[in-house]
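Each chain, letter by letter, is given below.
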Amino acid sequence: MRDTVDMVDDPEYEEEEPSFSDPEDFVDDIEDEELLEEILREKPQETDGIDSVVVVDNVPQVGPERLEKLKNVIHKIFSKFGKITTEFYPDTEGTTKGYIFLEYSSPSQALEAVKNADGYKLDKQHTFRVNLFTDFDKYMNISDEWEPPAKQPFKDFGNMRHWIEDPDCRDQYSVIYEAGERTAIFSNDAKEPILAEERARWTETYVRWSPKGTYLATFHQRGIALWGGEKFKQIQRFSHQGVSLIDFSPCERYVVTFSPLMDTKEDPQAIIIWDILTGQKKRGFHCESSAHWPIFKWSHDGKFFARMTQDTLSIYETPSMGLLDKKSLKINGIKDFSWSPGDNIIAFWVPEDKDIPARVTLMQMPSRQEIRVRNLFNVVDCKLHWQRNGDYLCVKVDRTPKGTQGVVTNFEIFRMREKQVPVDVVEMKESIIAFAWEPNGSKFAVLHGESPRINASFYHVKNNGKIELIKMFDKQQANSIFWSPQGQFMVLAGLRSMNGALAFVDTSDCTMMNIAEHYMASDVEWDPTGRYVVTSVSWWSHKVDNAYWVWTFQGRLLQKNNKDRFCQLLWRPRPPTLLSADQIKMIKKDLKKYSKTFEQKDRLSQSKASKELVDKRRAMLEEYRRYREETLKNYQEQKSMRLELRGGVDTDELDSNICSPIRSSSVFVWKEERGPASLIGEGQ
């Protein structure tokens, strides 16, 4: 500091002043607009301040006495898209004009309102038309002459159902391994899997197929991506920061995403419903917990989805994503609900409340008509199990009868296709471990009892109003039931703690086809056709022996596929068949005729595989012979060099002058005598 002060105070120190003059040869070729570009960019626009305003048309025209109620309804609908700062309701002599102005806190919220509320049906007479205020100039300046719309570039994603056209009817499955670092798609084959696609870090957590197999969903920190077509091109992506769970609508029109990071009071973002085709956000919802995923349950046709909260069942309709009939169902104490897989019917149950018994209710949608109510007494818990076609509903009821300490279980079987929906009861005296319906039939299987005496029972729901016990296998090592998607065949599995015990059962005559084991198996997955079943040990649940094994439906092991840190295998679903019930029946009737063709094809495939193996071995032998001949030729050509290096001594002949040692052998002969057999050695 002292040096600096001294330097500045030194009279001989003079600082050179900067020069701002242009050089003599300088030419000013820059226009003022270029110099002022940044300032001009911030020039106020005509739309400033109004690009956050939307105009809502087709609003009910009401007088002062109903204005406050209308404002509450409008605010409830439009506040879902963001914070409303200003509302203006034009009127004439106290009666509203049928359109209103709403201002949001940001232009993005206004745009969201236009996207999601335009076409919203308030009631039979009023359907909202929502536009940005800034769009009116655009609409006012539309030319009277029609102009053809500009052609949009066509995005060719390939054949989205290509795997169904496989000539050998091979199904596909996805595999995640190397602790999630690699994801592969394979075509299943009895001999070995055929790789269709493989990528590194394709997903950050896991993958999910859509219900009809059209899309493969991958998870990323910023959202999810959908892939499809022959080369698995990216079809669509949805930005949802921190997404951890997804669910598809059965029709594959919508996808639901959940993220615990995005939710705010003003802007619900925890759950978002997206339109798959357009990629647009349809609606956001609040969610405090995802413990019972999926939060929304879809009807079989994707027209409705429902959500349960405390004492409330909210049913929404598509594509508006609004509440059905603009109100939720008030159901005190509702514990659980489930849609029928075959009809727009909701089943829900309510526990006992003082003197009011517990009840199971079947409700038709959208009429909300109760088609069946079943009262239940002394209920502890209920579980709803639909048969896949919606023909039957089983309600597993746990009861504590008066005067007893233990819990008794009943199965209440609702016959959905019969008049007035009759109910049959099956009483179980032991604790229930697992229950499962046959997918395409009227049988169900139950695992009951306590380890090590676990029993497997098979029941048949008959048309005469009776439920018959077909067969019971006792002392089974099983804690899970896995039916073939086509019915009849099943696997009783003892997963994880039961060391992977497997029993393959044919329920047509209740025979045990095979008993096997896949040690520490954590998952069982049937292929969509019911021909193959996969057992696997996931790295997510067990850190050693990670692999997946492929079996036939009869329990014959075909493949053991070991993958480093294997995590997940999922079969690619197939869309519903286009064949009618009569056509399917005809195919089953003529199955022997078709089976001859398939058997011949199998034999050709096997002979082809044998021929390929023989050809491969012949090629290897021929390659060895060529190598041997070339080596011998080189050896002979180098003889002169060896003689020169070794002083004329032919070392190639040295071994031939060494006398061959006398070879001896012993023959051991067993001689049978009256006593024990003796071993005699004879030298030759």
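Parameters and conventions
- Residues numbered from 1 in each chain as written.
- Predicted model: local features only at pLDDT ≥ 70, side-chain atom pairs only at ≥ 80, totals over all residues.
- Heavy atoms only, no water.
- Helix = DSSP H or I, 4+ residues; strand = E, 2+ residues; numbered from the N terminus.
- Contact = heavy atoms within 4.5 Å.
- Areas by Shrake-Rupley, 256 points an atom, 1.4 Å probe, with all protein chains shown as cover.
- Patch = residues over 30% accessible without salt bridge, like charges linked within 9 Å, V, L, I, M, F, W, Y side chains within 5 Å.
- Salt bridge = Lys/Arg side-chain N within 4 Å of Asp/Glu carboxyl O.
- Buried < 20%, exposed > 50% of the residue type's maximum accessible area, 1.4 Å probe, protein only.
- Pairing = 2+ DSSP bridges.
- Axes fitted to C-alpha atoms, helices over the stretch in contact; angles between N-to-C directions.
- Polar contact = N/O pair within 3.5 Å; in protein donor to acceptor, adjacent residues only side chain to side chain.
- Phe/Tyr/Trp six-rings, centres within 6.5 Å; stacked < 30°, edge-to-face > 60°.
- Lys NZ or Arg CZ within 6 Å of the ring centre and 35° of its normal.
- 1 Å grid on protein atoms, 1.4 Å probe; cavity = no way out; pocket = protein on both sides within 12 Å on 5 of 7 lines; lining within 4 Å.
- Points joined across faces, edges and corners; volume = space filled by probe spheres on them.
- Nonpolar A, V, L, I, M, F, W, Y, C, P; charged D, E, K, R; others polar.
- Core = buried A, V, L, I, M, F, W, Y, C linked by side-chain atoms within 4.5 Å.

> Honestly, the overall build of the protein chain in this entry has me stumped. Any pointers?
Summing up its helical and strand segments, the protein chain has nine helices and 45 strands in all. Taking the intrachain contacts of the protein chain between residues at least 6 apart in sequence as the baseline, contacts between residues at least 24 apart amount to 43%. Carbon and sulfur atoms form 50% of the exposed surface of the protein chain, whose accessible area is close to 42,900 Å².

> It is not clear to me how a nonpolar patch on the surface should be interpreted in this structure. Could you clarify?
Side chains of Leu579, Ile584, Ile587, Leu591, Tyr594 and Phe598 sit close together on the surface and give an oily, nonpolar patch of about 510 Å² of accessible area. Where the nonpolar patch is concerned, the elements lending two or more residues are helix 7 (581-589) and helix 8 (591-637). If one sorts the elements of the nonpolar patch by residue count, helix 8 sits on top with three residues. Locating leucine 579 in the fold gives a position in the loop between strand 43 (568-571) and helix 7. Leucine 579 gets classed as partly exposed once you look at its relative accessible area, which sits at 39%.

> Explain the sheet that holds strand 24 (residues 345-350) to me, please; I cannot follow it from the model alone.
Across a sheet, strands are paired by hydrogen bonds formed along the backbone, either parallel or antiparallel in direction. Spatially, 23-24-25-26 is the arrangement adopted by the four strands of the open sheet, whose pairing is antiparallel. In the strand order of this sheet, the two ends are held by strand 23 (336-339) and strand 26 (369-376), each with one partner. With strand direction ignored, the average angle separating the axes of adjacent strands in the sheet is 15°. With four bridges joining them, strand 23 and strand 24 adopt antiparallel strand pairing. Bridged to tryptophan 339 within strand 24 is isoleucine 346.

> What is the right way to look at the side chain of serine 338 in this model?
Tracing the chain through its elements places serine 338 in strand 23. Side chain to side chain, serine 338 and tryptophan 386 meet in a polar contact 3.5 Å long. Apart from residues lying up to four places away in sequence, serine 338 is in contact with Ile345, Ile346, Ala347, Leu384 and Trp386.

> In this structure, what is going on with the pattern of salt bridges? I would like to understand it.
Opposite charge on two side chains permits them to pair, given that their charged atoms come into close proximity. Enumeration according to the criterion identifies 26 salt bridges in this entry. When the shortest N-O distance is used, the salt bridge between aspartate 424 and arginine 415 registers 2.5 Å. Among the ionic contacts, a cluster of salt bridges with common partners joins Asp166, Asp168, Arg170, Asp189 and Lys191.

> In this structure, what is going on with the sheet that holds strand 42 (residues 557-562)? I would like to understand it.
Judged by pairing direction, the sheet is antiparallel, and its four strands sit side by side in the order 39-40-41-42 without closing on themselves. Each edge of the sheet is formed by a strand with only one pairing partner; in this case those strands are strand 39 (523-526) and strand 42. Direction aside, neighbouring strands of the sheet carry axes that sit 20° apart on average. Looking at chain direction, strand 41 (residues 547-552) and strand 42 are connected through five bridges and run antiparallel. Counted as the bridge partner of tryptophan 549 is lysine 560 from strand 42.

> Would you mind showing me how to read the packing of aromatic side chains here?
The relative placement of two aromatic rings is captured by the distance of their centres and the angle of their planes. Throughout the structure, instances matching the rule amount to 36 aromatic pairs. Centre to centre, the rings of tyrosine 254 and tryptophan 298 are 5.9 Å apart; their planes meet at 5°, and the pair counts as stacked. Here the residue tyrosine 254 occupies a position in strand 15 (residues 254-258), and tryptophan 298 occupies one in strand 18 (residues 297-298), the gap between them amounting to 44 residues. Comparing tyrosine 254 with tryptophan 298, the two get one shared label, buried. Relative to phenylalanine 553, the ring of phenylalanine 489 has its centre 4.6 Å away and its plane inclined at 50°; by these criteria the two rings are tilted. Separated by 64 residues along the polypeptide, phenylalanine 489 in strand 36 (residues 489-494) and phenylalanine 553 in the loop between strand 41 and strand 42 bring together distant segments of the chain. In textbook terms, an aromatic cluster arises when at least three aromatic residues are bridged by ring pairs, as seen for Tyr254, Phe285, Phe296, Trp298, Phe305 and Tyr316. The residue whose ring lies beneath lysine 326 is tyrosine 120, and the NZ or CZ to ring-centre distance is 5.5 Å. Seen from the ring of tyrosine 635, arginine 642 lies directly overhead, with NZ or CZ sitting 3.9 Å from the centre.

> Sorry if this is basic, but what is going on with the environment of isoleucine 164 here?
Within the secondary structure, isoleucine 164 is located in the loop between helix 6 (136-140) and strand 7 (172-177). Separated by 411 residues in sequence, isoleucine 164 and proline 575 place their C-alpha atoms 9.1 Å apart. For isoleucine 164, the residues in contact, after removing those within four places along its chain, are Arg574 and Pro575.

> Would you mind going over helix 5 (residues 107-117) with me for this structure?
Residues spaced three or four apart along an α-helix point in a common direction, a consequence of the helix completing one turn every 3.6 residues. Residues of helix 5 that are buried include every one of Gln109, Ala110, Glu112, Ala113, Val114, Asn116 and Ala117, and no others. Those residues of helix 5 hidden inside the fold are in contact with strand 1 (53-57), helix 4 (64-78), strand 5 (99-104), strand 6 (129-132) and strand 17 (281-285). Glycine 119 occupies a position one or two residues after helix 5 and carries a positive phi of about 90°.

> Honestly, empty space enclosed by the protein in this entry has me stumped. Any pointers?
Where empty space is left in the structure can be found by rolling a water-sized probe over the atoms. In this structure the tally under the stated criterion is two cavities of 30 Å³ or more. There is about 80 Å³ of room inside the largest cavity. Ile77, Lys80, Phe81, Asn116, Tyr120, Lys282, Arg283, Ser320, Met321 and Gly322 together form the lining of the largest cavity. For the lining of the largest cavity, a count of residues per class yields four nonpolar, three polar and three charged. Lining the second largest cavity, in full, are Lys80, Phe81, Glu112, Asn116, Asp267, Lys281, Lys282, Arg283 and Gly284. Of all the secondary-structure elements, those providing two or more residues to the lining of the second largest cavity are helix 5 and strand 17.

> I'm lost on the nonpolar core in this one. Help?
Side chains of nonpolar character tend, in soluble globular proteins, to be buried together. With 23 residues, the main nonpolar core has Val54, Val56, Ile74, Phe78, Tyr104, Phe128 and Val130 as its most contacted residues. Mapped onto this core, the elements with two or more residues apiece are strand 1, helix 4, strand 5, helix 5 and strand 6. What tyrosine 104 contacts, discounting residues up to four positions off in sequence, is Ser52, Val54, Phe78, Phe81, Gly82, Lys83, Ile84, Thr85, Gln109, Ala110 and Ala113. Counting residues in hydrophobic clusters, the runner-up holds 18 residues, among them Ala358, Leu362, Val379 and Val423.

> Just to check I follow, could you spell out the layout of surface pockets for this structure?
There is about 600 Å³ of room inside the second largest pocket. For the second largest pocket, the lining is made up of 23 residues, of which Lys76, Lys80, Arg283, Tyr316 and Leu323 are closest to its centre. When residues of the lining of the second largest pocket are traced back to their parent elements, those giving at least two are helix 4, strand 17 and strand 21 (322-323).

> How do you make sense of the pairing of strand 39 when you look at a structure like this?
For a regular strand, the rule is simple: side chains alternate between the two faces of the sheet. Here strand 39 shows a buried face lined by Val524 and Trp526 and an unburied face lined by Asp523 and Glu525. With four bridges joining them, strand 39 and strand 40 (residues 532-537) adopt antiparallel strand pairing. Bridging across to strand 40, aspartate 523 finds its partner in serine 536.

Purely geometric numbers; function is a separate question.
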